2 protein chains.
Amino acid sequence: MSSIAIPRVSFKAQMLKVREDAIIEAVNRLLAEKGFDAMTVDEVAANVGIAKASLYKHFPSKEHLAAAAMVRVMRQAQDFCAALALDASPLEKLRAATRWTMGLKLAGQMPSLPSQNSTLRATLIANRDYMDGLIEVSDLLGGWIEAAQADGSISPKLPAIAVLYTLYARACDPVLEFLMMNGQYNNDEIVELVLSTCFDGLNTR
Amino acid sequence: MSSIAIPRVSFKAQMLKVREDAIIEAVNRLLAEKGFDAMTVDEVAANVGIAKASLYKHFPSKEHLAAAAMVRVMRQAQDFCAALALDASPLEKLRAATRWTMGLKLAGQMPSLPSQNSTLRATLIANRDYMDGLIEVSDLLGGWIEAAQADGSISPKLPAIAVLYTLYARACDPVLEFLMMNGQYNNDEIVELVLSTCFDGLNTR
DNA sequence: GTCTATAATCAGATAGAC
DNA sequence: GTCTATCTGATTATAGAC
């Protein structure tokens, strides 16, 4: 036996991870572009450059492909939230997280899944990584919401759960696409516009 | 020839209309329940109680079925807007229209179509009735928005088009379903809650 | 116009060789 | 694990009798 430290992950395992990352990235892009229903497994395979049968060696179903993409964005969300300045106010953190979410969507990197599809829902709920991430992010945002309501920046009259849902919904807000198609505003302007309508409302202040 | 006035529409034509109304109602319900992709033509036929081939005698494609449902809701929207009190303020009219839209969705009567589907888009755009209705409603709402910005109730800083899109987006707001699934609020409470976050914003006023 | 029966196609998933 | 080739089922759409 050599005294050189044995690598924790074998070369083979690294290759596997690289391949799977490529798959998930393609899935993520296609889900953002066309949505779950319009995305075909053939497309995914073609985009990755491997055979469809090979895809199924990595992921057992189309639903699991989508779930893997969701796990990825959830991890990105966790990382973003964790990196927020500790001294920022709760409201600023909420705004930053929402801004990040909308930026992801405008960049064509936010997967869009049909909320009604029951088998897809089941696959997501059965996915430990996804659910853990979702709960962690929800707890984090929930804490900020309560703090923001306590310090008076977010309206204390609103149920915290309604605020949370409202922020999550910015991830699939069609107003973003509409304004993008409209053409008069760039992505940053669109984000600030929707952020303003979300937090400040349509009424004059 | 009898002196009795000849009916404008024949019995046969009336039967046709009744049948087509039944079809459109079924389509509308299924589109609201499951969305365009998950709705199958077989289901529609089964719900109406006729053979699928008969369906295709009335509407040449699945896309045309969806378009017919959209024409129907657009007409309902026109009727609702036209029936609004003339002396109501522009803001009150906008709020009433938004409330109506969300009520329709919570009642399971708002068809949901994938905005990315290009052939569906093409069918909708080619549909004169739909486009005319859409333009009429948009002009009406657009006028109210400008009036509300002029009288200071809606923020004049926001582009009118962004306000219009924001109101339209309430027709497919996932927050409504989330809060409904959540179970602590009834439909009226949900509508008022989302109406409040939409017009007043999340921030404390 | 309505029906039964069927065509035509597409997409998710798998068999089996290497 | 990757490939080619194929299966299987679902779904849109139509043929043709009545």
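Read on for an overview of the structure. (Residues numbered from 1 in each chain as written. Chains lettered and ligands numbered in written order. Predicted model: local features only at pLDDT ≥ 70, side-chain atom pairs only at ≥ 80, totals over all residues. Heavy atoms only, no water.)

**Some details on the overall build of chain A**
Part 1 of the argument: For chain A, the helix and strand inventory stands at ten helices and zero strands.
Part 2 of the argument: Reading the secondary structure of chain A in the N-to-C direction produces α-α-α-α-α-α-α-α-α-α.
Part 3 of the argument: The principal-axis extent of the C-alpha atoms belonging to chain A is close to 65 × 50 × 35 Å.
Part 4 of the argument: Taken across its 205 residues, chain A has 45% of its residues classed as buried.
Part 5 of the argument: Summed over its atoms, the accessible surface of chain A is roughly 10700 Å², and 56% of this surface lies on carbon and sulfur atoms. (Helix = DSSP H or I, 4+ residues; strand = E, 2+ residues; numbered from the N terminus. Buried < 20%, exposed > 50% of the residue type's maximum accessible area, 1.4 Å probe, protein only. Areas by Shrake-Rupley, 256 points an atom, 1.4 Å probe, with all protein chains shown as cover.)

**Re the nonpolar core**
Part 1 of the argument: Counting residues in each nonpolar core, the largest one holds 80 residues, and the members touching the most others are A:L94, A:F199, B:L94 and B:F199.
Part 2 of the argument: When neighbours within four sequence positions are excluded, B:F199 is seen to be in contact with A:D200, A:G201, A:L202, A:N203, B:L91, B:L94, B:R95, B:T98, B:I154, B:L167 and B:R205. (Core = buried A, V, L, I, M, F, W, Y, C linked by side-chain atoms within 4.5 Å. Contact = heavy atoms within 4.5 Å.)

**What to know about the protein's contact with DNA strand D**
Part 1 of the argument: For DNA strand D, the set of nearby residues contains 18 residues, the closest of which are A:A51, A:S54, A:K57, A:H58 and B:K52.
Part 2 of the argument: The sugar and phosphate moieties of DNA strand D supply 58% of its atoms located within 4 Å of the protein.
Part 3 of the argument: Between DNA strand D and B:K52 there is a distance of 2.9 Å, counted from a base nitrogen to a side-chain nitrogen or oxygen.
Part 4 of the argument: Mapped onto the surface near DNA strand D, the elements with two or more residues apiece are α1 (11-38) and α3 (52-58) of chain A together with α2 (41-48) and α3 (52-58) of chain B.
Part 5 of the argument: In terms of residues, the surface near DNA strand D owes the most to one element, α3(A), which gives four residues.
Part 6 of the argument: For the surface near DNA strand D, the per-class residue count stands at eight nonpolar, four polar and six charged. (Near = heavy atom within 4 Å. Polar contact = N/O pair within 3.5 Å; in protein donor to acceptor, adjacent residues only side chain to side chain. Nonpolar A, V, L, I, M, F, W, Y, C, P; charged D, E, K, R; others polar.)

**Topic: the protein's contact with DNA strand C**
Part 1 of the argument: Among the 17 residues in the neighbourhood of DNA strand C, the closest are listed as A:K52, A:Y56, B:R19, B:A51 and B:S54.
Part 2 of the argument: A:K62 places a side-chain nitrogen or oxygen 2.9 Å from a phosphate oxygen of DNA strand C.
Part 3 of the argument: Within the side chain of B:R19, a nitrogen or oxygen atom sits 2.8 Å from a phosphate oxygen of DNA strand C.
Part 4 of the argument: Only α3 of chain A together with α1 (11-38) and α3 of chain B provide two or more residues apiece to the surface near DNA strand C.
Part 5 of the argument: At four residues, α3(B) tops the list of elements feeding residues into the surface near DNA strand C.

**Regarding helix α10 (residues 187-200) of chain A**
Part 1 of the argument: Here α10(A) contains 14 residues, and its C-alpha end-to-end distance of 19 Å stays within 8% of the 20 Å for a straight helix at 1.5 Å per residue.
Part 2 of the argument: Within α10(A) the residues assigned to the buried category are A:I190, A:V191, A:L193, A:V194, A:L195, A:T197, A:C198 and A:F199.
Part 3 of the argument: Where α10(A) is buried, its residues touch α5 (90-106), α8 (160-168) and α9 (174-182) of chain A together with α8 (160-168) and α10 (187-200) of chain B.
Part 4 of the argument: N-cap assignment for α10(A): the residue whose side-chain oxygen lies 3.1 Å from the backbone N of A:D188 is A:N186.
Part 5 of the argument: Just downstream of α10(A), A:G201 is the residue with a positive phi angle, here 85 degrees. (Expected span 1.5 Å × (residues − 1).)

**Some words on the packing of aromatic side chains**
In this description, a pair of aromatic rings is defined by centroid distance and the angle of the planes.
Part 1 of the argument: Summed over all chains, the structure comprises four aromatic pairs over all chains.
Part 2 of the argument: The interplanar angle of 20 degrees and the centroid separation of 5.4 Å between the aromatic rings of A:F80 and A:W100 together place this pair among those described as stacked. In this pair, A:F80 is assigned in helix α4 (residues 62-82) and A:W100 in helix α5, connecting sequence segments 20 residues apart.
Part 3 of the argument: Looking at A:W100, the relative accessible area reads 22%, which means it is partly exposed.
Part 4 of the argument: Geometrically, the ring pair formed by A:F178 and B:Y165 is tilted, given 5.2 Å between the ring centres and 55 degrees between the ring planes. (Phe/Tyr/Trp six-rings, centres within 6.5 Å; stacked < 30°, edge-to-face > 60°.)

**Section: the interface of chain B and chain A**
Part 1 of the argument: Taken together, the 46 residues of chain B in the interface contact 46 residues of chain A.
Part 2 of the argument: Roughly 3500 Å² of surface becomes buried between chain B and chain A when both sides are summed, with 59% attributable to carbon and sulfur atoms.
Part 3 of the argument: For the interface between chain B and chain A, the tally reads 25 residue pairs in polar contact (both at pLDDT 80 or more).
Part 4 of the argument: At the level of elements, α1, α8, α9 (174-182) and α10 of chain B are the ones that each hand at least two residues to the side of chain B that touches chain A.
Part 5 of the argument: In terms of residues, the side of chain B that touches chain A owes the most to one element, α9(B), which gives seven residues.
Part 6 of the argument: Looking at the side of chain B that touches chain A residue by residue, the classes come out as 22 nonpolar, 15 polar and nine charged. (Buried area = accessible area lost by both parts, 1.4 Å probe.)

**Digging into the packing of helix α4 (residues 62-82) of chain B against helix α7 (residues 128-150) of chain B**
Residue and element names in this part refer to chain B.
Part 1 of the argument: Following both chains from N to C, one finds α4 and α7 inclined at 30 degrees, their axes separated by 9 Å at the closest point. Between α4 and α7 the crossing geometry is left-handed. Touching M70, V71, M74, R75, A77, Q78 and C81 of α4 are D129, Y130, G133, L134, E136, V137, L140 and W144, all from α7.
Part 2 of the argument: Taken together, the residues of the contact of α4 with α7 sort by class into ten nonpolar, two polar and three charged. (Axes fitted to C-alpha atoms, helices over the stretch in contact; angles between N-to-C directions. Left-handed = near helix turned anticlockwise from the far one by under 90°.)

So, to be careful, I would describe these as geometric facts and stop short of saying anything about function.
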